[in-house]
Amino acid sequence: MAFLFAIAGASLEKRARAMLESARTRVIPMMNEPVATDERTPSPPDGYSRVCELSREQQIAVVAQFHMHQIKPNRIAYRMGIDIAFIEALIAGEVEAEKFRSLCERFGRQRYRERMRESGERNGAARFELQREIEKEFQREIQGV
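All values reported here derive from a predicted model rather than from experimental measurement.

Asker: So what about the nonpolar core? Which residues, and what values?
Answerer: Formed by 17 residues in total, the largest nonpolar core has its most connected members in Ile60, Val63, Ala64, Ile82, Ile87, Leu90 and Phe100. For this core, the elements supplying multiple residues, two or more each, are helix H2 (56-68), helix H3 (73-80), helix H4 (84-92) and helix H5 (97-119). What Ala64 contacts, discounting residues up to four positions off in sequence, is Phe100, Leu103, Cys104 and Phe107.

Asker: Residues and numbers for the pattern of salt bridges, please.
Answerer: Summed over all chains, the structure comprises five salt bridges. A salt bridge links Glu129 to Arg132; the nearest nitrogen and oxygen atoms lie 3.2 Å apart. Residue Glu129 and its partner Arg132 are located together in helix H6 (residues 124-144), separated by three residues, close to a single helical turn. Here Arg140 and Glu133 are joined by a salt bridge, their closest N and O atoms 3.9 Å apart. The exposed category is assigned to Arg140, whose relative accessible area is 52%.

Thresholds, definitions, all that
Residues numbered from 1 in each chain as written. Predicted model: local features only at pLDDT ≥ 70, side-chain atom pairs only at ≥ 80, totals over all residues. Heavy atoms only, no water. Core = buried A, V, L, I, M, F, W, Y, C linked by side-chain atoms within 4.5 Å. Buried < 20%, exposed > 50% of the residue type's maximum accessible area, 1.4 Å probe, protein only. Helix = DSSP H or I, 4+ residues; strand = E, 2+ residues; numbered from the N terminus. Contact = heavy atoms within 4.5 Å. Salt bridge = Lys/Arg side-chain N within 4 Å of Asp/Glu carboxyl O.

The values reported here are purely geometric and, on their own, carry no functional implication.
In structure tokens, the structure reads:
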């Protein structure tokens, strides 16, 4: 058995030495040589994980939905690629105030119904306490919008 491991070890060692030797002899192109064109997609702007491809109306709806789920503006900007200044202006009520408020209320009610339905899985006092907490949070969210 040890004989087999010794053979396998020797072949692995040979491969490792060959890889090391090829790495040493690899030619590195000079900076003034022409480089092949890069076919990859360009990087998104700094601070964003991707480029936003949503229309302005869709961006408002997405921001309202995430805002009602208490996701921070910088996280929305990073995940969706929406301009953070636009997100903060929406939340502050500086841009599209009525539309954003109505969308927030709609998504807030949707989230409220979803959470109340999920609370039905609990029984007794735990269900009562959870539903009361959901109700309080919903009232706070609606008043804060």
